[in-house]
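Each chain, letter by letter, is given below.
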2 protein chains.
Amino acid sequence: VRAWVDPFGTWLHDMRKRIDAGVVERVDLLIGAEFIEQAGQHADPQDAEQLRVWANTLHHAQIESACRLVIGEPELERLMRIWGERRFPVLYDKTLRVRVDREKARFSAWYELFVRSTSPDPHGHGTFRDCIALLPDIKAMGFDVLYLPPIHPIGRVNRKGKNNTLKARPDDVGSPWAIGSDEGGHKSVHPQLGTLEDFRALVEAARHEGIEIALDIAYQCAPDHPYVRAHPEWFRGRPDNTIQYAENPPKKYEDIYPFDFETEAWPELWRELRSVILYWIEQGVRIFRIDNPHTKPFPFWEWLIGTVQEHYPETIFLAEAFTWPKIMQRLAKLGFTQSYTYFAWRNTSYELSSYLTELTQGEVGQYMRGNLWPNTPDILTEYLQTGGRSAFAVRLLLAATLGASYGIYGPAFELCEDRPREPFSEEYLDSEKYQIRRWDLKSRRSLRPLITRINRIRHENPALQRDDRLRFHATHHDHVLCYSKATDDNDNIIVTVVNLDPHHAHSAWVHLPLHAFGLPEHEPYQVHDLLSDARYIWHGGRNYVGMDPRAAPGHIFRIRRRLRTERDFEYYL
Amino acid sequence: VRAWVDPFGTWLHDMRKRIDAGVVERVDLLIGAEFIEQAGQHADPQDAEQLRVWANTLHHAQIESACRLVIGEPELERLMRIWGERRFPVLYDKTLRVRVDREKARFSAWYELFVRSTSPDPHGHGTFRDCIALLPDIKAMGFDVLYLPPIHPIGRVNRKGKNNTLKARPDDVGSPWAIGSDEGGHKSVHPQLGTLEDFRALVEAARHEGIEIALDIAYQCAPDHPYVRAHPEWFRGRPDNTIQYAENPPKKYEDIYPFDFETEAWPELWRELRSVILYWIEQGVRIFRIDNPHTKPFPFWEWLIGTVQEHYPETIFLAEAFTWPKIMQRLAKLGFTQSYTYFAWRNTSYELSSYLTELTQGEVGQYMRGNLWPNTPDILTEYLQTGGRSAFAVRLLLAATLGASYGIYGPAFELCEDRPREPFSEEYLDSEKYQIRRWDLKSRRSLRPLITRINRIRHENPALQRDDRLRFHATHHDHVLCYSKATDDNDNIIVTVVNLDPHHAHSAWVHLPLHAFGLPEHEPYQVHDLLSDARYIWHGGRNYVGMDPRAAPGHIFRIRRRLRTERDFEYYL
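As the structure is a prediction and not an experimental result, all values here were calculated from the model.

**What about the overall build of chain A?**
Scanning chain A for helices and strands turns up 16 helices and 22 strands. Based on the C-alpha atoms only, the size of chain A along its principal axes is roughly 100 × 65 × 45 Å. Counting across all 573 residues of chain A, residues that qualify as buried make up 55%. Carbon and sulfur atoms make up 52% of the accessible area of chain A, which totals about 26,500 Å². Here chain A holds 71 positive side-chain charges and 80 negative ones, and the gap between their average locations is 2 Å.

Laid out in structure tokens, this is it:
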């Protein structure tokens with residue numbers, strides 16, 4: 001970065017103000033003439049001649065015609081930018097590295113499903129092949145990332161039963177996050193899902209549909225993972241000669257052994273863990289959702305992501321860290337491409353506007369990209385539990401328009417699954433984490449039409465494909481949230497208005513900053529609701545919006561600058 | 001800064017949660033015993049013996065009594081902090097310098113006046129001696145800094161007339177910021193104010209009253225300043241052989257020449273300008289209000305403040321920079337002790353809460369100390385012009401309770417001077433910048449009693465003497481602003497409620513975070529209005545407050561934790 005004092009630029013800036021105010025004196029022009037003459041001494045012959053002519057005009061012409069030259073000649077400014085004096089140039093003395101991620105790092109729509117629940121056979125165990133059959137539907141809904149929870153063999157020792165019970169019955173399938181058994185570990189696939197070839201076929205079929213497969217990388221082991229016997233030094237022993245299982249007191253995860261990153265054998269451990277990523281990269285995967293990165297050392301992630309991206313710069317890492325903001329921010333700085341956020345628990349107008357402003361504006365937005373999830377297999381929020389189908393519609397609309405990247409834990413979300421394991425729990429009843437679920441994806445209750453429509457709107461409107469121009473606008477109504485996104489040239493402006501109350505209709509006056517949108521204050525403009533396809537003619541910054549949750553969670557207005565057809569007026573009349 | 005992994009601390013943290021949940025197993029205790037035994041091997045003999053006893057208890061005692069040791073023995077935690085393992089210690093590799101300012105940098109009340117307007121003679125020119133006579137009144141009002149606009153000889157060339165007219169009449173006194181004439185420059189005093197000895201007498205008399213004199217340092221010259229003839233190289237010449245006067249097009253300041261900081265003679269210029277500060281330090285001054293620092297180079301200020309404070313660390317510099325936030329913040333980082341702010345133009349509840357939160361919380365509050373001014377000789381805001389006496393009371397209450405440091409341009413503020421030079425102007429009519437004013441300080445309209453009371457409250461309540469614990473609280477009413485400040489131990493909690501509307505009475509429910517104040521949710525507590533001396537018994541976090549601008553601009557409540565006397569109840573009954 002270079003900077004310098006630009007005396008001509010300063011003079012020009014001041015002159016424009018002097019000309020506007022009609023207070024130009026001859027001496028003001030002489031000062032500019034000096035700068036131009038001086039530049040002419042360094043310019044190439046042709047430009048030098050032109051600069052001399054202009055300097056002469058400033059010297060001798062009538063003040064008015066000299067002023068016309070100053071404000072009316074873009075060539076003057078251009079040549080002076082080339083040849084003008086650069087006084088006191090300084091160079092920023094740090095060398096900054098710039099990483100350029102691919103577009104999907106910024107704009108992506110994720111769909112999560114458990115492959116084992118995809119069997120068409122009502123008693124079967126779903127397979128990668130079954131999953132291939134679902135791809136056209138997922139594509140039709142508009143998702144471009146299909147994220148699978150761990151696909152590896154599931155431990156049998158201390159396997160959890162349905163609803164996280166301690167004792168599994170023989171037919172219980174266990175948690176995919178309890179990775180590893182005598183059938184293999186992090187580089188194997190669970191036999192009931194299919195073979196490695198089946199998985200590669202899924203990756204290939206997905207690519208054909210424009211969908212990428214994202215794998216879940218959970219660096220932890222079931223007690224019967226092959227690593228436990230081969231590398232006891234990677235785990236922490238206890239005084240009773242057992243191995244320390246995962247704990248977040250008082251919660252215990254007896255089916256999971258964490259790695260001991262304080263082991264003296266850490267260099268081997270790090271290399272092995274990285275080789276897991278490289279193995280799946282070889283199978284065609286380029287997106288990884290990393291489980292609980294905040295419980296592993298920062299330098300490990302910096303090294304792993306850094307060295308992997310050196311060879312495969314297109315690799316995307318999503319950090320699943322629900323922890324202190326500083327820690328989440330640090331992980332983003334270390335190299336994670338995207339981050340889960342607190343979005344799921346931000347419900348009110350105040351919470352959403354302040355949190356999303358924090359995430360997307362100011363410093364945090366410069367290194368952290370939020371990926372907004374209204375639900376996950378671990379998170380069924382109170383809002384979703386109590387708000388009915390409308391609550392799901394509201395949260396979908398928010399996630400997909402507030403975040404250029406968002407995701408849903410798909411079947412449960414589409415079908416508005418809202419039953420918690422017990423009151424005050426955010427766990428699902430009969431959670432897919434511990435059992436196979438049979439989803440009736442053709443149900444009339446499904447949100448599929450809304451999801452499809454919203455994803456199409458996202459694809460057609462570049463304003464929704466970025467987060468840096470998210471702005472919130474006053475509504476003076478606690479249940480009505482209004483915000484906009486726009487492209488830099490204001491060619492695409494999307495104003496979203498959401499009724500945050502899933503139970504009642506509300507209306508409010510929304511206040512739009514027409515000036516920031518490049519709209520004249522005194523001309524009507526059209527807003528086109530991309531959800532309902534209705535069009536309205538609005539006047540001025542303050543306009544009335546009503547919403548009924550029985551009809552739609554809100555509006556996604558595209559602002560159209562000019563009235564294009566007579567039909568637009570018909571709507572107004 | 002050192003950091004390390006503390007395995008015992010982690011274990012203790014988890015054990016407390018296990019004990020609460022009743023899920024302790026023997027192996028959990030054995031893990032702790034190992035840490036304690038290991039620490040015992042490094043401890044001095046007496047502590048080692050104690051640690052062995054405790055380790056033994058964890059090994060062999062009943063689980064319940066072992067748990068009692070874990071949670072009930074503070075000595076265990078203390079000894080383990082001394083002797084326990086510090087795994088993977090790291091040292092923060094940067095050396096950070098810490099500057100400690102004196103208390104007045106954080107807590108100060110400024111009063112600005114023009115000495116020339118202090119004469120008791122209705123036709124006289126005020127002097128330093130006249131000013132000495134006012135000190136007891138200023139002291140009685142509770143101010144501890146008396147800030148004087150420039151006290152130097154005033155230029156005669158291009159002197160401005162009353163109300164900033166271009167032509168001065170022979171008896172016009174000119175602007176004190178047009179510094180320098182044949183009577184001297186920045187190291188001289190204006191003869192009509194008195195002699196240098198008179199000034200030193202003022203500094204001494206003020207000190208006697210507990211007041212410090214702050215001088216205005218404006219690095220600029222009248223055309224007849226001695227520097228202009230002695231050092232033409234410090235000014236910028238124009239092609240017509242005149243010197244460039246100050247301009248902010250289209251505004252022109254023909255009575256002022258700025259220094260040319262781009263001069264090749266900058267080392268001499270810098271040294272001379274610093275010698276001005278050192279000269280006034282020799283005369284006993286330790287507080288300087290710096291005029292327009294943002295129009296001079298950053299490195300100049302860093303060097304000037306750094307080198308002056310090396311010898312006189314008690315010196316306070318207040319930056320008068322009304323410019324982009326980044327620039328104001330940079331000046332604070334470079335060394336300015338206090339900064340003017342945008343407070344004067346923040347009127348609504350939203351503006352005040354968001355701006356003051358930005359200033360006092362988060363990063364900015366770590367290096368920048370705002371000094372809040374409701375008015376200055378340059379700033380008569382629309383709010384003050386249109387709100388009558390009540391508007392002045394509101395702005396005073398806000399400045400003095402939102403800011404640990406605040407100031408008023410005194411006589412004009414006390415007397416609620418609200419006439420602008422012309423509509424839409426923030427300039428005063430008959431501004432003291434260009435003429436002598438006769439203030440009737442004994443007027444019944446004076447705000448002196450309120451000022452006196454508020455400054456006494458500030459002195460008696462340490463919560464108001466700092467900004468880092470400023471918090472805003474919900475009122476759900478646009479005209480009612482509520483905020484609190486508290487000491488770290490919550491021994492002094494001040495809740496201020498302000499009616500921002502100077503025209504009408506308003507009431508609202510204010511919502512206080514009792515938990516943050518260390519107050520039990522279900523016990524009544526007393527709020528003592530330090531402005532009216534009324535006492536109220538409140539219950540819970542939500543309480544009703546009414547305010548009428550004809551009586552008072554708001555309330556300054558001190559929260560009293562316990563009901564101390566029966567009299568308190570009488571107020572309630």
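Picking up where we left off.
**Some thoughts on the packing of aromatic side chains**
The full count for this structure, using the stated rule, is 76 aromatic pairs over all chains. With 6.1 Å between their ring centres and 75° between their planes, F114(B) and W177(B) make a pair best called edge-to-face. With F114(B) in the loop between strand 3 (108–112) and helix 6 (128–141) and W177(B) in the loop between strand 4 (145–148) and helix 7 (196–208), the pair connects residues that are 63 residues apart, well separated along the chain. For the ring pair Y279(B) and W280(B), a centre distance of 5.0 Å and an interplane angle of 90° mean the geometry is edge-to-face. W280(B) gets classed as buried once you look at its relative accessible area, which sits at 0%. One aromatic cluster in this structure is built from Y219(A), F261(A), W266(A), W270(A), F288(A), F300(A), W301(A), W303(A), F317(A) and F336(A). Over the ring of Y383(A) we find R395(A), and its NZ or CZ is 5.7 Å from the ring centre. The ring of F343(B) has R395(B) sitting right over it, with the charged end atom 4.2 Å from the ring centre.

**Topic: the sheet that holds strand 15 (residues 471–473) of chain A**
Residue and element names in this part refer to chain A. Ordered by their spatial adjacency, 6 strands build an open sheet running 15-16-17-22-19-20, and the pairing between neighbours is antiparallel. The open sheet has two edge strands with one neighbour each: strand 15 and strand 20 (535–538). Here the average twist between neighbouring strands, direction ignored, is 30°. In terms of strand pairing, strand 16 (residues 480–486) meets strand 17 (residues 493–499) through 7 bridges, oriented antiparallel. Looking across to strand 17, one finds that V480 is bridged to N499.

**Let's talk about the interface of chain B and chain A**
At the interface, 27 residues of chain B touch 27 residues of chain A. Summing both partners gives a buried area of about 2,200 Å² for chain B against chain A, and 56% of it is carried by carbon and sulfur. Area buried by chain B at its contact with chain A is led by P239(B), P249(B) and E262(B), which between them contribute 26% of it. Our enumeration of links across chain B and chain A arrives at 6 salt bridges. Our count for the chain B to chain A interface comes out at 8 residue pairs in polar contact (both at pLDDT 80 or more). Put simply, the parts of the chain that give the side of chain B that touches chain A at least two residues each are helix 1 (7–21), helix 2 (26–40), strand 2 (87–91) and strand 7 (246–248) of chain B. At 5 residues, the largest contribution of residues to the side of chain B that touches chain A is made by helix 2 of chain B. By residue class, the composition of the side of chain B that touches chain A is 11 nonpolar, 2 polar and 14 charged.

**Quick notes on the pattern of salt bridges**
All names here are of chain A. Per the stated rule, a full pass over the model turns up 79 salt bridges over all chains. In this structure, R102 and E212 form a salt bridge, with 2.6 Å as the shortest nitrogen-oxygen distance. Of this pair, R102 sits in the loop between strand 2 (87–91) and strand 3 (108–112) while E212 is found in strand 5 (residues 212–217), placing the two residues 110 residues apart along the sequence. For R102, a relative accessible area of 26% corresponds to the partly exposed category. Of the charged contacts, one joins E254 and K160 as a salt bridge, the two residues approaching to 3.5 Å between their closest N and O atoms. In this pair, E254 sits in the loop between strand 8 (251–253) and strand 9 (257–258) while K160 sits in the loop between strand 4 (145–148) and helix 7 (196–208), placing the two residues 94 residues apart along the sequence. Exposure remark for E254: the relative accessible area of 17% places this residue in the buried category.

**Some details on the sheet that holds strand 14 (residues 405–409) of chain B**
All names here are of chain B. Spatial ordering of the open sheet is given by 13-12-11-10-5-4-3-14, a layout of 8 strands whose pairing is parallel. Single-partner strands in this sheet number two, and they are strand 13 (370–371) and strand 14. The sheet contact formed by strand 11 (residues 316–320) and strand 12 (residues 338–340) spans 2 bridges and is parallel. Residue pairing in the sheet places L318 in a bridge with Q338 of strand 12.

**Some points on helix 15 (residues 448–460) of chain A**
All names here are of chain A. Between its first and last C-alpha, helix 15 extends 18 Å over 13 residues, near the 18 Å set by a 1.5 Å rise per residue. Within helix 15, burial applies to R448, L450, I451, I454, N455, I457 and R458. Among the structural elements, strand 3, helix 6 (128–141), helix 13 (382–402), strand 14 (405–409), helix 14 (410–414) and strand 22 (554–560) are those in contact with the buried residues of helix 15.

**Some points on the packing of helix 3 (residues 45–60) of chain A against helix 5 (residues 74–83) of chain A**
Between two packed helices, the angle of one axis relative to the other and the distance separating the axes together describe the packing. Residue and element names in this part refer to chain A. Where helix 3 contacts helix 5, the axes come no closer than 11 Å and their chain directions differ by 120°. Viewed along their axes, helix 3 and helix 5 adopt a mutual orientation that is oblique. Crossing of helix 3 over helix 5 shows left-handed handedness. The segment helix 3 lies against helix 5, with D47, Q50, L51 and W54 engaging E75, L76, L79, M80 and W83. A breakdown of the residues in the contact of helix 3 with helix 5 according to their chemical character gives 6 nonpolar, 1 polar and 2 charged.

**With respect to the environment of R271(A)**
All names here are of chain A. Secondary-structure assignment places R271 in helix 9 (residues 266–282). Using a relative accessible area of 47% as the deciding quantity, one classes R271 as partly exposed. Remark: the alpha-carbon pair of R271 and F300, spanning 29 residues in sequence, is separated by 10.0 Å.

**A short note on the pairing of strand 22 (residues 554–560) of chain B**
Residues and elements named next belong to chain B. Counting buried positions along strand 22 yields 7 of 7 residues, so the element is predominantly enclosed. The two faces of strand 22 match: G554, I556, R558 and R560 on one face and H555, F557 and I559 on the other face are all buried. Inspection of the sheet shows strand 19 (residues 525–529) paired to strand 22 by 4 bridges, in the antiparallel sense. Within strand 22, the position partnered with D529 by the bridge is F557.

**Re the confidence of the model for chain A**
Chain-level pLDDT for chain A is 95 on average; 98% of the residues reach the 70-or-more range. The ipTM for the predicted assembly is 0.76, set against a pTM of 0.78.

**Considering the relation of the copies chain B and chain A**
When chain B is fitted to chain A, the residual RMSD is 0.2 Å, and the transformation amounts to a turn of 180° plus an axial shift of 0.3 Å. Considering both components of the superposition, the chain copies are consistent with a two-fold axis.

**Re helix 2 of chain B**
Residue and element names in this part refer to chain B. In this model, helix 2 (15 residues) spans 21 Å end to end at C-alpha, consistent with the 21 Å of a helix rising 1.5 Å per residue. Burial analysis of helix 2 places 11 of its 15 residues in the buried class, which makes it a mostly covered element. Three or more residues of helix 2 are buried, namely V27, D28, L29, L30, I31, G32, A33, F35, I36, A39 and G40. Buried-residue contacts for helix 2 involve helix 1, helix 3 (45–60), helix 4 (63–72), helix 5 (74–83) and strand 2.

Calculation rules
- Residues numbered from 1 in each chain as written.
- Chains lettered and ligands numbered in written order.
- Predicted model: local features only at pLDDT ≥ 70, side-chain atom pairs only at ≥ 80, totals over all residues.
- Heavy atoms only, no water.
- Helix = DSSP H or I, 4+ residues; strand = E, 2+ residues; numbered from the N terminus.
- Buried < 20%, exposed > 50% of the residue type's maximum accessible area, 1.4 Å probe, protein only.
- Areas by Shrake-Rupley, 256 points an atom, 1.4 Å probe, with all protein chains shown as cover.
- Lys, Arg positive; Asp, Glu negative; His and termini not counted.
- Charge placed at Lys NZ, Arg CZ, Asp CG, Glu CD.
- Phe/Tyr/Trp six-rings, centres within 6.5 Å; stacked < 30°, edge-to-face > 60°.
- Lys NZ or Arg CZ within 6 Å of the ring centre and 35° of its normal.
- Pairing = 2+ DSSP bridges.
- Axes fitted to C-alpha atoms, helices over the stretch in contact; angles between N-to-C directions.
- Contact = heavy atoms within 4.5 Å.
- Buried area = accessible area lost by both parts, 1.4 Å probe.
- Salt bridge = Lys/Arg side-chain N within 4 Å of Asp/Glu carboxyl O.
- Polar contact = N/O pair within 3.5 Å; in protein donor to acceptor, adjacent residues only side chain to side chain.
- Nonpolar A, V, L, I, M, F, W, Y, C, P; charged D, E, K, R; others polar.
- Expected span 1.5 Å × (residues − 1).
- Parallel < 35°, antiparallel > 145°, perpendicular 65-115°, else oblique.
- Left-handed = near helix turned anticlockwise from the far one by under 90°.
- pLDDT = per-residue confidence, 0-100.
- Least-squares fit on C-alpha atoms with pLDDT ≥ 70 in both.

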